[in-house]
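# Understanding the architecture of this molecule
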Amino acid sequence: MAVVTGAVLPVIVKLSLMLLYLNFNSSLTLTQARKWESWKDKYPFIKPASSFSSSNAWSSRGSSKGYNYDYIIVGGGTAGCPLAATLSQKFSVLLLERGGVPFANANVSLMQNFHISLADTSPASASQIFASTDGVFNARARVLGGGTCINAGFYSRASQSYIKKAGWDSKLVNESFPWIEKQIVHRPILAPWQKAVSDGLLEVGISPFNGFTYDHIYGTKFGGTLFDRFGHRKTAAELLTSANPENLDVLVRATVQKIEFDTSGRKPRAVGVIFKDEKGNQHKAILSKRKGSEIIVSSGAIGSPQILLLSGIGPKAELEKLNISVILDNKFVGKGMSDNPLNAIFIPTNRPVQQSLIQTVGITKMGVYIEASSGYGQTEDSIHCHHGIVSAEIGQLSAIPPNQRTLEAIEAYKRNKKNVPQEAFRGGFILEKLATPLSTGHISLKSTKIDDSPSVTFNYFSHPQDLKRCVDGIRIVEKIVKSKHFTNYAECDKETLDKLLNMSVQANINLIPKHTNDTESLEQFCKDTVTTIWHYHGGCQVGKVVTPDYRVINVNRLRVIDGSTFNESPGTNPQATVMMMGRYMGVKILRERLGRAAGL
């Protein structure tokens, strides 16, 4: 067992928050660079937002198709890309994405660079960091392909019970999942750490062993991954290769500021969107007047309610405070926000371990999931790297009073980080995530600027049942670490486990005030060490903001299709279901519209 000293703490924490894995100084070969640059030939319909002219819209064929579209999709993320690809088979589609493309971005494309996008705080980064009012660091995707570009790649379907509860057509669901999987999902090459955690899960009773499967079933399994055997990521953006290029226009660096409405009728009717390009110039995209044409918001659990609020759909009192004209008073917009809380325990090992992101999962009947990752930065370059505002030397300042957070204090933390022995960077994480948190929160606008992240509150562990399940999950992790199969990596008795837990408490994983000796209270440990696994959802929930077919209630020609409509996060990790949802709803919309046109 490697010796862990107090000097390790400033580093280990941010590692547990960001899951910092391998040396970030990975160089691209000339072949790789040429391969990624070839995306321009593969996706001729992707253009910068400044290419758009509302009076003479460009098209992939280079000819004018006029300035109106059958569908305008706001957000080219996990749901938006498969949705756009599907709808373009029969109708003209404009897809607007505020971020850039993922194809030439090594931080997105290479598994070994997973942590870089999360730590990059530059305006062009694929992720946008924010901290919830709870004091937990988090991230929003800002790139074509959305969360599939910055996540750990794990792919696992929603359960059959979830599909039934959502009211989805199971036959169409079972056609839509394979459509995704054939294009971008792989079977992982199992890493030794993942095998050890899997064996430990089975030893402590998380059974049966279900082997490799996409299905969500109780027991221990290995899931799919977006990374191929070379560690190259596939993303939802690559589903656009299934689009009809004659009918699809994709604008990147196109930031939608609001939706415009015609309010002359009984209900407000969406007619277009206002967006700005990468140069700051404003444009208007107009929706076709043809029956069935719609604006579809697919901007994620933070972005979708934010856009509705900025467009005048939401709680009247909140909108009037910011002088936003009220289009529709709906008190539920931005409400019902949930994040699946994560608590991670770092396990130092007696040897270097191979890098792995999420491959193994234990699906328990007590409402928690157990996952694993390993093999983060083991080189001096990675250890000494400064990661901006999410660096260990910055985040650790949350543990001291604000008036003591000086430049000298920051420099002291930097020095501590550089003095950490390299042996401390051997190990892996065992992660415990709540399946269906009962605690909920909300988002609200801080300003009328779309570039400003709204205020987000998740109220982690405000429901006592959530806290109880977290404790149950931590106890499972303790048993795994002490299991016989884990002795190949680390030998942990109760005293060592207590030290590991207390080390996690003191680490800078969030901005929550710390307590000492939290091994005496696992409830307090859960509260103090809570982080996110980026599976937040809600804000535009079915029955409150949208109908079961995702039309915005009491508004014509406007839908929301993404994770903001969920009451709970599907499966162990939601990306598979969100991509499926984009494909599913695209097919469903096509069938309904074409059926009406044929008089069926």
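As shown above, the structure is provided for reference.
All values reported here derive from a predicted model rather than from experimental measurement. (Residues numbered from 1 in each chain as written. Predicted model: local features only at pLDDT ≥ 70, side-chain atom pairs only at ≥ 80, totals over all residues. Heavy atoms only, no water.)

Our next topic: the overall build of the protein chain. Along its length, the protein chain carries 18 helices and 26 strands. Taking all 600 residues of the protein chain together, the buried fraction comes to 61%. A separation threshold of at least 6 residues defines the contact pool for the protein chain, and within that pool the share at least 24 residues apart is 74%. If you sum the accessible surface of the protein chain, you get close to 23000 Å²; carbon and sulfur atoms cover 49% of it. (Helix = DSSP H or I, 4+ residues; strand = E, 2+ residues; numbered from the N terminus. Buried < 20%, exposed > 50% of the residue type's maximum accessible area, 1.4 Å probe, protein only. Contact = heavy atoms within 4.5 Å. Areas by Shrake-Rupley, 256 points an atom, 1.4 Å probe, with all protein chains shown as cover.)

Turning next to the environment of Gly-231. Tracing the backbone shows Gly-231 in the loop between strand E10 (224-225) and strand E11 (248-252). Separated by 125 residues in the primary sequence, Gly-231 and Ser-356 have C-alpha atoms spaced 9.9 Å apart.

Attention now moves to the sheet that holds strand E14 (residues 282-287). Pairing within the open sheet is mixed, and its four strands lie in the order E2-E14-E13-E12. A strand with exactly one partner marks an edge of an open sheet, and here the two such strands are strand E2 (68-69) and strand E12 (255-262). Where E2 and E14 come together, two bridges link them in parallel fashion. Across the sheet, Asn-68 pairs through a bridge with Ile-286, a residue of E14. (Pairing = 2+ DSSP bridges.)

Judged by nonpolar contacts, the single largest core of 90 residues is most densely connected at Trp-168, Leu-240, Ile-259, Val-273, Phe-275 and Leu-558. When residues of this core are assigned to their parent elements, the largest contribution, ten residues, is made by helix H18 (residues 575-597). With 40 residues, the next largest nonpolar core counts Ile-345, Leu-434, Phe-458 and Ile-512 among its residues. (Core = buried A, V, L, I, M, F, W, Y, C linked by side-chain atoms within 4.5 Å.)

If you walk through the whole model with that rule in mind, you get one disulfide. In this model Cys-470 forms its disulfide with Cys-526; the gap between the sulfur atoms is 2.1 Å. Linking Cys-470 and Cys-526, the disulfide has an S-S dihedral of approximately -100° and is accordingly described as left-handed. Here Cys-470 is found in helix H15 (residues 464-481), whereas its partner Cys-526 is found in helix H17 (residues 522-528), with 56 residues between them in sequence. Given the relative accessible area of 0%, Cys-470 is considered buried. Looking at Cys-526, the relative accessible area reads 0%, which means it is buried. Here Cys-81 stays free of any disulfide, with the sulfur of Cys-149 as its closest cysteine sulfur at 7.8 Å. You can call Cys-81 buried: its relative accessible area is 0%. When its relative accessible area of 1% is taken as the criterion, Cys-149 is described as buried. (Disulfide = S-S within 2.5 Å.)

Turning to the pairing of strand E22 (residues 427-434), a few remarks are in order. In terms of burial, E22 is largely enclosed, as eight of its eight residues are buried. Here E22 shows two buried faces, one formed by Gly-427, Phe-429, Leu-431 and Lys-433 and the other by Gly-428, Ile-430, Glu-432 and Leu-434. By the bridge criterion, seven bridges tie strand E19 (residues 341-348) to E22 in an arrangement that is antiparallel. Across the sheet, Pro-348 pairs through a bridge with Gly-427, a residue of E22. Relative to E22, strand E21 (residues 368-374) is paired through seven bridges, and the arrangement is antiparallel. Bridge assignment links Val-368 to a residue of E22, and that residue is Leu-434.

Relative to the helices and strands, Phe-429 resides in strand E22. Each C-alpha atom of the pair Phe-429 and Glu-371 lies 8.4 Å from the other, and the pair is 58 residues apart in sequence.

It is worth spelling out helix H9 (residues 192-203) at this point. Between its first and last C-alpha atoms H9 spans 16 Å; for twelve residues at 1.5 Å apiece the expected length is 16 Å, and the two agree. When we look at burial in H9, the residues that qualify are Trp-193, Gln-194, Ala-196, Val-197, Ser-198, Asp-199, Gly-200 and Leu-201. Gly-205 sits one or two residues past H9 and shows a positive phi near 105°. (Expected span 1.5 Å × (residues − 1).)

Inspection of the secondary structure assignment puts Glu-432 in strand E22. Although Glu-432 is buried, it forms no salt bridge, and the closest oppositely charged side chain is Arg-469 at an N-O distance of 8.0 Å. If we ignore the near neighbours within four places in the chain, the residues touching Glu-432 are Pro-341, Leu-342, Asn-343, Val-368, Tyr-369, Ile-370, Arg-469, Cys-470, Gly-473, Ile-474 and Val-477. (Lys, Arg positive; Asp, Glu negative; His and termini not counted. Salt bridge = Lys/Arg side-chain N within 4 Å of Asp/Glu carboxyl O.)

Moving on: unusual backbone geometry. Here the bond from Ser-207 into Pro-208 is cis, since omega is 5°, no more than 30 degrees from zero. Within the chain, Arg-557 stands out as a residue other than glycine whose phi angle is a positive 65°. By the secondary structure assignment, Arg-557 is in the loop between strand E25 (531-532) and strand E26 (558-560). Assessed through its relative accessible area of 15%, Arg-557 is described here as buried.

Most of strand E5 (residues 127-131) sits out of view: four of its five residues are buried. The pairing of E5 with strand E6 (residues 137-141) spans five bridges and is antiparallel. Bridging across to E6, Ser-127 finds its partner in Ala-141. The antiparallel pairing of E5 with E6 creates a hairpin that spans five residues between the two strands, and Gly-135 there sits at a positive phi of about 95°.

With that settled, consider the pattern of salt bridges. Any two side chains of opposite charge can pair if their charged atoms end up close together. What the rule picks out here adds up to 18 salt bridges. We note a salt bridge from Lys-195 to Asp-199, for which the minimum N-O separation is 2.9 Å. With a gap of four residues between them, Lys-195 and Asp-199 both fall in helix H9, about one helical turn apart. Lys-195 sits in the partly exposed class, given a relative accessible area of 41%. What makes Asp-199 buried here is its relative accessible area of 17%. The residue Asp-472 makes a salt bridge to Lys-468 at a minimum N-O spacing of 3.4 Å. Separated by four residues within a single helix, Asp-472 and Lys-468 lie in helix H15, roughly one turn from each other. Linked by salt bridges that have partners in common, Glu-294, Asp-549, Arg-551 and Arg-559 make up one network.

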